[in-house]
Amino acid sequence: MNYNIPFIKPSFPGSGILMNDYADITRNNWYTNYGPFEREFSNKLENFLDNGAKIITFSNATLALMACINELIGHGDGSQYIIMPSFTFVAGAQAILWCGYKPYFIDINEETLQMNIDAAKSIVGKGAGIKGVLFCNAFGVGDSNIEDWEDFAESLSIPLIIDSAAGFGSKYIDGEYLGARGDCEVFSFHATKPFAVGEGGAVSSRNKQLIDKLKTIQNFGFNNSRDSQALGFNAKMQEFNAAIGIRQLERFKGRLQQRQSVLKKYKAGLKSLTFQQNAEISSVCFASAIVPKSVNRNKLVEELNSIGIQIREYYNPPIHKQVYFMRNKHLSKSQRLNITNDISEKIISLPVHDDMNSAHIDAIIDEILSRL
Ligand SMILES: *Cc1c(COP(=O)(O)O)cnc(C)c1O
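Definitions and cut-offs
- Residues numbered from 1 in each chain as written.
- Predicted model: local features only at pLDDT ≥ 70, side-chain atom pairs only at ≥ 80, totals over all residues.
- Heavy atoms only, no water.
- Pairing = 2+ DSSP bridges.
- Helix = DSSP H or I, 4+ residues; strand = E, 2+ residues; numbered from the N terminus.
- Contact = heavy atoms within 4.5 Å.
- Axes fitted to C-alpha atoms, helices over the stretch in contact; angles between N-to-C directions.
- Buried < 20%, exposed > 50% of the residue type's maximum accessible area, 1.4 Å probe, protein only.
- Polar contact = N/O pair within 3.5 Å; in protein donor to acceptor, adjacent residues only side chain to side chain.
- Near = heavy atom within 4 Å.
- Areas by Shrake-Rupley, 256 points an atom, 1.4 Å probe, with all protein chains shown as cover.
- 1 Å grid on protein atoms, 1.4 Å probe; cavity = no way out; pocket = protein on both sides within 12 Å on 5 of 7 lines; lining within 4 Å.
- Sits in = over half its atoms within 2 Å of the grid points.
- Salt bridge = Lys/Arg side-chain N within 4 Å of Asp/Glu carboxyl O.
- Points joined across faces, edges and corners; volume = space filled by probe spheres on them.
- Nonpolar A, V, L, I, M, F, W, Y, C, P; charged D, E, K, R; others polar.
- Expected span 1.5 Å × (residues − 1).

Colleague: Would you mind showing me how to read the sheet that holds strand 8 (residues 274–275) here?
Modeller: What links the strands of a sheet is backbone hydrogen bonding, and the strands pair in either a parallel or an antiparallel sense. Strand order in the open sheet formed by three strands is 8-9-11, with antiparallel pairing between adjacent strands. Bordering the open sheet on either side are strand 8 and strand 11 (347–350), each of which pairs with just one other strand. Each of strand 9 (287–290) and strand 11 is contacted by helix 12 (residues 338–346), which is oriented at about 50 degrees to strand 11, the strand it contacts most.

This is how it looks when you write it as structure tokens:
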């Protein structure tokens, strides 16, 4: 059998809807710099989350991470560290380097795939030079130990920035949407994320002053005047992207349910795989599962791709094994990363779409089962 099932299938508003928004934007003659669509979008994002956090939109999550590091930790001289997992997307490590720090890679927990707090505790202390934590909610799934990370950061008096890139719409186990923990949380609205506008992102935080300062950074250091008051850059969201975001939000709750039901079907059909904990209350960017030891992961992925079922392996390679970091070992530090290395060899990422055809889900399950 041959299929044509893409790994990710973004669903964007139709051209008929967007044509009206486009007409409004051109009539307003206002394309960026906090126009009416951007203002409406950030208000609606705050209302959606309803967790006490304020929101500021960004042109993408990577620049948002840089703005947060720069504001909360300051600009480094290249000698000090920010703790983060190697088992994540490379953007966080790059943001750390651009801000003048080095990533210190910490191992993860096998069940949750989240950064391991005991591993972090084992490396802090005198002379470790650790200036902050970039926690990553793995695959946009809220960590059930987020409070422990808040206590950890507080006990060391260092900031806790949370990369929740794929996790807009995910909930923590207490039922609250991601976005109000740590000093701030960062979301990506990239085309490949469950909540997508193309290129875009946001920072959410209970700290309103922080949001105001990030606004200055994302707009050349300007603060209500054309007189630069801080080191800034340009990372504002365009009106077109905000218009798409407003439309996406209208249908997002239903789509979250659809995505969660796809994961449920995978879990019911693939009992010998181990799925990431708490992913069922997330936005389900895709379905992450560990294959049993007896299975040759690479062969499984290759075979499924060859019959048109697009399977990926996130995060393989983990950041510390990527070329730039291998060639420039002085730019990062790694703890022993046994679990990270092991998981990256055994993980598979299964497709999840908003409106996934249930015959496709059954086919994926059958094709995997016949190879286990
Ligand atoms: C997608 C992603 C990013 C980058 O987001 P952009 O909006 O593309 O800059 C950062 N971190 C993680 C964990 C991601 O998944």
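Read on, since the account is not over.
Colleague: Explain helix 7 (residues 208–217) to me, please; I cannot follow it from the model alone.
Modeller: Residues three or four positions apart in an α-helix share a direction because the helix packs 3.6 residues into each turn. Listed as buried for helix 7 are Leu210, Ile211, Leu214, Thr216 and Ile217. For helix 7, the elements touching its buried residues are strand 1 (54–58), helix 3 (61–72), strand 6 (184–188) and strand 7 (201–205). Between the side-chain oxygen at the start of helix 7 and the backbone nitrogen of Gln209 there is a gap of 3.1 Å, and the oxygen is on Asn207.

Colleague: Can you help me understand the sheet that holds strand 2 (residues 81–85) in this one?
Modeller: Read across the sheet, eight strands follow the order 1-7-6-5-4-2-3-10 without closing on themselves; strand pairing throughout is mixed. The open sheet is flanked by strand 1 and strand 10 (333–334), the only strands paired with a single partner. The sheet contact formed by strand 6 and strand 7 spans four bridges and is antiparallel. Counterpart to Ser188 in the pairing with strand 7 is Gly201.

Colleague: Explanation requested: the pairing of strand 1 in the structure shown.
Modeller: Each regular strand displays side chains that alternate between the two surfaces of the sheet. With four of five residues buried, strand 1 lies mostly within the body of the structure. Relative to strand 7, strand 1 runs antiparallel, the two being bridged by five bridges. Looking across to strand 7, one finds that Phe58 is bridged to Gly201.

Colleague: What's the story with the side chain of Asn51 in this structure? I'm lost.
Modeller: Of note, Asn51 is situated in the loop between helix 2 (36–49) and strand 1. Each residue touching Asn51, except ones within four places of it in the same chain, is listed here: Glu176, Tyr177, Leu178, Gly179, Ala180 and Arg206.

Colleague: What is the right way to look at the site of the ligand in this model?
Modeller: The local shell around the ligand consists of Asn60, Ala61, Thr62, Thr88, Phe89, Ala91, Asp163, Ala165, Ser188, His190, Lys193 and Gly200. Contact distances for the ligand include 2.7 Å between an oxygen atom and a side-chain N or O atom of Ser188. Lys193 places a side-chain nitrogen or oxygen 2.7 Å from an oxygen atom of the ligand. Contact with the protein chains hides 89% of the accessible area of the ligand, taken as 390 Å² for the molecule alone. Judged by its atoms lying within 2 Å of the grid points, the ligand is housed in the largest pocket.

Colleague: Is there a simple way to explain the pattern of salt bridges in this structure?
Modeller: If you walk through the whole model with that rule in mind, you get 21 salt bridges. With a shortest N-O distance of 3.0 Å, Asp21 and Arg247 are connected by a salt bridge. Of this pair, Asp21 sits in helix 1 (residues 15–28) while Arg247 sits in helix 8 (residues 239–250); the two residues are 226 residues apart in sequence, bridging distant segments of the chain. Note on Asp21: relative accessible area 4%, which makes it buried. Its relative accessible area of 24% is what places Arg247 among the partly exposed residues. Across the pair Lys208 and Asp212 runs a salt bridge, and its minimum N-O distance is 3.4 Å.

Colleague: Teacher, can you tell me more about empty space enclosed by the protein here?
Modeller: The probe, sized like a water molecule, is rolled over the atoms to show the empty space still left. Tallying each qualifying case throughout the model produces two cavities of 30 Å³ or more. Within this model, the largest cavity holds a volume of roughly 110 Å³. Contributing to the lining of the largest cavity are 17 residues, with Lys9, Pro10, Lys193, Pro194 and Arg259 lying nearest its centre. Among the residues making up the lining of the largest cavity, the classes are represented as eight nonpolar, four polar and five charged. Its boundaries defined by the atoms lining it, the second largest cavity holds a volume of some 60 Å³. Every residue lining the second largest cavity is listed: Phe139, Val141, Leu263, Gln276, Ala279, Ser282, Val284, Cys285, Phe286, Ala287 and Ser288. Among the residues making up the lining of the second largest cavity, the classes are represented as eight nonpolar, three polar and no charged.

Colleague: Would you mind showing me how to read the pairing of strand 9 here?
Modeller: Across the two faces of strand 9 the burial is the same, with Ala287 and Ala289 and Ser288 and Ile290 all buried. Where strand 8 meets strand 9, two bridges bridge the pair, whose relative direction is antiparallel. Opposite Thr274, over in strand 9, you have Ile290 as the bridge partner. Here four bridges tie strand 9 to strand 11, and the two strands are oriented antiparallel to one another. Of the residues in strand 11, the one forming a bridge with Ala289 is Ile348.

Colleague: Looking at this model, I keep getting lost on helix 3. Mind explaining?
Modeller: For helix 3, which comprises twelve residues, the first-to-last C-alpha distance of 16 Å matches the rise-based estimate of 16 Å (1.5 Å per residue) to within 8%. For helix 3, the N-terminal cap is Asn60; the gap from its side-chain oxygen to the backbone nitrogen of Thr62 is 3.0 Å. Two residues or fewer past helix 3, Gly74 is found with a positive phi of approximately 95 degrees.

Colleague: Would you explain the environment of Ser283 in this entry?
Modeller: With respect to the helices and strands, Ser283 occurs in the loop between strand 8 and strand 9. Residue Ser283 is classed as buried on the basis of its relative accessible area, which comes to 0%. Sequence separation of Ser283 and Phe48 is 235 residues, and the distance between their C-alpha atoms is 14 Å. Ser283 has contacts with Ala166, Gly167, Phe168, Gly169, Ser170, Pro194, Leu256 and Arg259, leaving out every residue within four places of it along the chain.

Purely geometric numbers; function is a separate question.
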